[in-house]
Amino acid sequence: MNAMLKPALPPIFQIAHGFDVAPLLAQIDAHPDVWNRHTMRTEAYGTPHAKIDDIWVRYNAWENFTGDIAAFNGPHASTWYPVVNDIPAVKPLVFDVMRLVEGEQLGGVLITRVPPGGRVEPHIDDGWHASYYHKIAVQLRGNAEQAFCFDDAELRPMPGDVYTFDNSQRHWVVNESHDERITLIICIRGSG
Ligand SMILES: [Fe+2]
């Protein structure tokens, strides 16, 4: 088929459902101190992520941080952070997703929480890590009043749903419900 006529993939779409997220949620709920141990992403001035909470589960090792954010976010191999000792159920979930997509390199792993009535403002994620890896998400908590939005697409994933999204395109998240929204984001590179 002529490449010009090949339909483009939407910027976000579901790839699986029914993943068991209960063990990880129970561990997160039992350890509220796991949130916001590393606030580089949520406290930067003007960041679109200012109103959300994070658990950085895997990324560049903190001993590599010398005060130079650009260097820290440059090319690197990700490592598990000590927080996995408090929420060990995250690892089998991540590797189930690796198997699902036949991933060959595992990059950053992040858990985000958008509070009731909260939102992530429209933005594009740039930099080496965002462009090197594909983004796969597992919805841990979610409902139909919460949406992951692009200009021409949106998804309202339920707990256990797995989906992929292109964060090089403008996107935002809205939570118009009375419940928190928690998402596991896994950065994976395949063979292509
Ligand atoms: Fe983003």
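Throughout this document, residue positions are counted from 1 along each chain, in the order its sequence is written. A pLDDT threshold of at least 70 governs which residues receive local features in this predicted model, and a stricter bar of 80 or more applies before side-chain atom pairs are shown or counted, although totals over entire chains, interfaces and linings include all residues. In computing side-chain properties, one takes all heavy atoms of the structure into account and sets aside hydrogens as well as water.

(A) How the structure looks around the overall build of the chain. Only DSSP runs of H or I with at least four residues qualify as helices, and only runs of E with at least two residues qualify as strands; both kinds are numbered from the N terminus onward. Scanning the chain from terminus to terminus reveals five helices and 11 strands. The C-alpha radius of gyration of the chain comes to 16 Å, within 12% of the 16 Å expected for a compact globule of 192 residues. Residues counted as buried form 46% of the 192 residues belonging to the chain. Per-residue and other accessible areas were derived by the Shrake-Rupley procedure at a 1.4 Å probe size, with only the shown protein chains allowed to occlude residues. Put simply, the chain shows about 9900 Å² of open surface, and 54% of that area lies on carbon and sulfur atoms. If the 15 positive side-chain charges of the chain are averaged to one point and the 24 negative ones to another, these points end up 2 Å apart. Atoms considered for the radius of gyration are the C-alpha atoms alone. The globule rule reads 2.2 Å times the number of residues to the power 0.38. For the exposure calls, accessible area comes from a 1.4 Å probe over protein chains only, and a residue counts as buried if that area is under 20% of its type's maximum, exposed if over 50%, partly exposed in between. In this charge count, Lys and Arg are treated as positive and Asp and Glu as negative; neither His nor the chain ends contribute. By convention, charge coordinates are those of NZ in Lys, CZ in Arg, CG in Asp, or CD in Glu.

(B) Examining unusual backbone geometry more closely. The backbone of asparagine 36 shows a phi angle near 60 degrees, a positive value even though the residue is not glycine. Structurally, the position occupied by asparagine 36 is in the loop between α1 (22-30) and α2 (40-43). With a phi close to 55 degrees, glutamate 102 is a non-glycine residue in the positive phi region. Within the secondary structure, glutamate 102 sits in the loop between α4 (90-101) and β4 (105-114).

(C) Just the sheet that holds strand β5 (residues 119-123), in detail. By the convention used here, strands pair only if DSSP detects at least 2 bridges between them. Here four strands make up an open sheet; going across it, the order is β5-β10-β7-β8 and the pairing antiparallel. If you trace the sheet from one side to the other, it starts and ends with β5 and β8 (153-155), each paired once. Sheet twist, expressed as the average angle between the axes of neighbouring strands with direction ignored, equals 20 degrees. In this sheet, β8 lies alongside strand β7 (residues 146-150) in antiparallel orientation, the contact comprising three bridges. Pairing of phenylalanine 148 across the sheet is with leucine 155, part of β8. To get an axis, a line is fitted to the C-alpha atoms, and for a helix only the part in contact is used. The angle between two axes follows their N-to-C directions and goes from 0 to 180 degrees.

(D) Structural detail: the layout of surface pockets. Quantified by volume, the second largest pocket comes out at close to 530 Å³. Grid points spaced at 1 Å over the protein atoms alone were grouped into cavities, where a 1.4 Å probe fits but cannot get out, and pockets, open sets with protein on both sides within 12 Å along at least five of seven lines, with lining residues defined by an atom within 4 Å of a point. Residue lining of the second largest pocket: 28 residues in total, with His134, Lys135, Ile136, Thr164 and Ile188 positioned closest to the centre. Any residue that is not Ala, Val, Leu, Ile, Met, Phe, Trp, Tyr, Cys, Pro, Asp, Glu, Lys or Arg is counted as polar, Gly included; the first ten are nonpolar and the last four charged. Its residues assigned to classes, the lining of the second largest pocket shows 13 nonpolar, 10 polar and five charged. Grid points are joined across faces, edges and corners, and a volume is the space filled by probe spheres set on the points.

(E) Broad picture of the coordination of the iron ion. The coordination sphere of the iron ion, as far as protein atoms go, consists of His123 (NE2), Asp125 (OD) and His171 (NE2), spread over 2.1 to 2.2 Å. The donor set covers N, O and S atoms within 2.8 Å of the metal, switching to 3.2 Å for Na, K and Ca, and it leaves out water, so a site may look short of donors. In terms of primary sequence, the donors binding the iron ion are separated according to H-x1-D-x45-H. Separated by 46 residues along the polypeptide, aspartate 125 in the loop between β5 and α5 (128-132) and histidine 171 in strand β10 (residues 171-175) bring together distant segments of the chain. A relative accessible area of 21% places aspartate 125 in the partly exposed class.

(F) Local environment of the pairing of β4. The buried count for β4 comes to nine of 10 residues, which makes it a mostly enclosed element. Relative to strand β11 (residues 181-189), β4 runs antiparallel, the two being bridged by eight bridges. Looking at the pairing, arginine 113 lines up with isoleucine 182 of β11.

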